[in-house]
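Structural characterization, general
Now for the letters of each chain:
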Amino acid sequence: MTTVRPAIPRASNGLGAATACYALAMSVFGTTTSLFLTDGSGAGPGRVGLYFVLSAVVSVGLGLTVGRWSDRLTDRRNVLVMAALAGVAGAGGFALVRQYALVCAIGALLGGLAQTYASQVFAYARELSELTGRSLTRGTASVRAVFSAGWVLGPPAGLFLLTRTGFGALYGSLAALLLLSALLARWVLPRVPRARTTPTKLRLALGQVPRHTWLLLGAATAVNVADGMYLIALAPYATHELGLSATLVGLLAGTCAALEIPLLIGVGRLAGRLGEERLVRGAAVLAVAFFALMPFAASGPYLLLLQVPNALWTAVLVSLPMVLVQREIPGGAGTAAALFSATFPLAQLLSGGLTGLVATHSGYRGTFWCGAALCALAWVLIGARRRA
């Protein structure tokens, strides 16, 4: 039986379009959820942190379950459609609901399902790269560049819309974007032929992960905790502690993402010259410097300037570790991508609790010092891989 390969331009365009719609919507979620909880639901720092903890607990289980289930299917597009439609329902709920308990339920269940789209699109990209013979590193970096492009436009546009129309219209617009993402995934994204497999049981699959890969997953989790604390704290820090506008928060996120795009495109070539492990260690050092400088940022220009090192370390640490994990973990693409992606909700769990605790006792500036310490821990873990 001959395997028909999808045309590369059509496959790349379809993947880019579906991912862009999802990235636009989720970038707005990422920069407005803490404000929605604070201003829309009347939650203080502790309850804001609790929301992210609850959401993360559910997301970890959902992500691993959906990842293993996806490897049983012959068409991964079905999982992408399901995740995007869950996001539609979640965004619609946020547009209508203001009670804190209901917001937590919607965010944890529907938001957790929606977040599985990200890991599944990377699993799809891996299978597409294998089918078309393209480089996995470049393919992963290209998909990540689309996510970054979403962050260029999403946060500024979302926060502008928020200041003009309120949360209801904002989240209604996000529901429409996620619906378009579901339609594109089903009708435009090409089907990648794959055999139905019976994945290894989760407990056995985890037991097969090499020790040096666990160290990398630990480092990725530490960095993601630091980044999660930054994303949660940035909007309240800028608006409440510095007295700056909410529009600036969107500009900061957009600037960082815009800088990431050319860096992500060059990550594959740079890794080939310097070595992937060395590049990842260097990015961890730069992340420590970024978070250590954040507490001294007291103006818009200073915060904008700091987006340069922010983009540099992010471009490396959001792409190369995923490639390394996919190479080192045995099993299906969905399981490998889901295990790596589980570091994000796990980090969200920890970052939510830490942000609430630290911000309550020492303000949002303290969260940035905590981020610097976490990135230093990541550097240590990455270095230990050589001795594992």
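Residues numbered from 1 in each chain as written. Predicted model: local features only at pLDDT ≥ 70, side-chain atom pairs only at ≥ 80, totals over all residues. Heavy atoms only, no water.

1. Section: the state of the cysteines
Definition in use: Pairs of cysteine sulfur atoms within 2.5 Å are identified as disulfides in what follows.
Summed over the entire model, instances satisfying the criterion amount to 0 disulfides. No disulfide involves cysteine 375; its sulfur sits 9.8 Å from that of cysteine 370, the nearest cysteine.

2. Focus on the nonpolar core
Convention followed: Definition used in this section: a nonpolar core is a set of buried Ala, Val, Leu, Ile, Met, Phe, Trp, Tyr and Cys residues joined via side-chain atoms within 4.5 Å. Partly exposed describes any residue whose relative accessible area lies between the buried limit of under 20% and the exposed limit of over 50%, with all areas from a 1.4 Å probe on protein chains only and scaled to the type maximum. Pairs of residues are marked as contacts when any of their non-hydrogen atoms sit within 4.5 Å.
Of all hydrophobic cores here, the largest spans 107 residues; its most connected members are Tyr117, Tyr171 and Met294. In this view, methionine 294 contacts Tyr230, Leu234, Tyr237, Leu303, Leu306 and Phe368; residues no more than four positions away in its chain are not counted.

3. Concerning the packing of aromatic side chains
Ring pairs (aromatic) are described by centroid distance and by the angle formed between their planes. Stated formally: Any two of the Phe, Tyr and Trp rings considered here, Trp counted by its six-membered ring, make a pair once their centres fall within 6.5 Å; the pair's planes then place it as stacked at under 30 degrees, edge-to-face at over 60, or tilted in between. Numbered from the N terminus, helices here are DSSP runs of H or I no shorter than four residues, and strands are runs of E no shorter than two. Two thresholds decide whether a charge sits over a ring: the Lys NZ or Arg CZ must be within 6 Å of the ring centre and within 35 degrees of the ring normal.
A complete count under the given rule lists 17 aromatic pairs for this structure. On the basis of an interplanar angle of 10° and a centroid distance of 5.8 Å, the ring pair of phenylalanine 122 and phenylalanine 147 is categorised as stacked. With phenylalanine 122 in helix H4 (residues 100-132) and phenylalanine 147 in helix H5 (residues 136-165), the pair connects residues that are 25 residues apart, well separated along the chain. The class for phenylalanine 122 is buried, based on a relative accessible area of 7%. We classify phenylalanine 147 as buried; its relative accessible area is 8%. Among the aromatic residues, those joined into a ring-pair cluster are Tyr230, Tyr237, Phe290, Phe291, Trp313 and Phe368. A cation sits over an aromatic face here: arginine 47 above tyrosine 100, 4.0 Å from the ring centre. The aromatic ring of tryptophan 187 is capped on one face by arginine 186, whose charged end is 4.9 Å from the ring centroid.

4. A look at the environment of glutamate 277
Residue placement: glutamate 277 occurs in helix H10 (residues 276-293). Filtering out sequence-adjacent residues up to four positions away, glutamate 277 remains in contact with Leu324, Ile382 and Arg385.

5. What to know about the pattern of salt bridges
Test applied: What counts as a salt bridge is simple: a side-chain nitrogen of Lys or Arg found within 4 Å of a carboxyl oxygen of Asp or Glu.
Going through the model one piece at a time under the given rule, you end up with 2 salt bridges. A salt bridge links glutamate 241 to arginine 365, with the shortest nitrogen-to-oxygen separation between them at 3.9 Å. Of this pair, glutamate 241 sits in helix H8 (residues 211-241) while arginine 365 sits in helix H16 (residues 365-384); the two residues are 124 residues apart in sequence, bridging distant segments of the chain. Close ionic contact of glutamate 277 with arginine 385 constitutes a salt bridge, the shortest N to O distance being 2.5 Å. Within this pair, whereas glutamate 277 is found in helix H10, its partner arginine 385 is found in the segment after H16, the two being separated by 108 residues in sequence. We classify glutamate 277 as partly exposed; its relative accessible area is 26%. What makes arginine 385 buried here is its relative accessible area of 7%.

In short, shape yes, function no, at least from these values alone.
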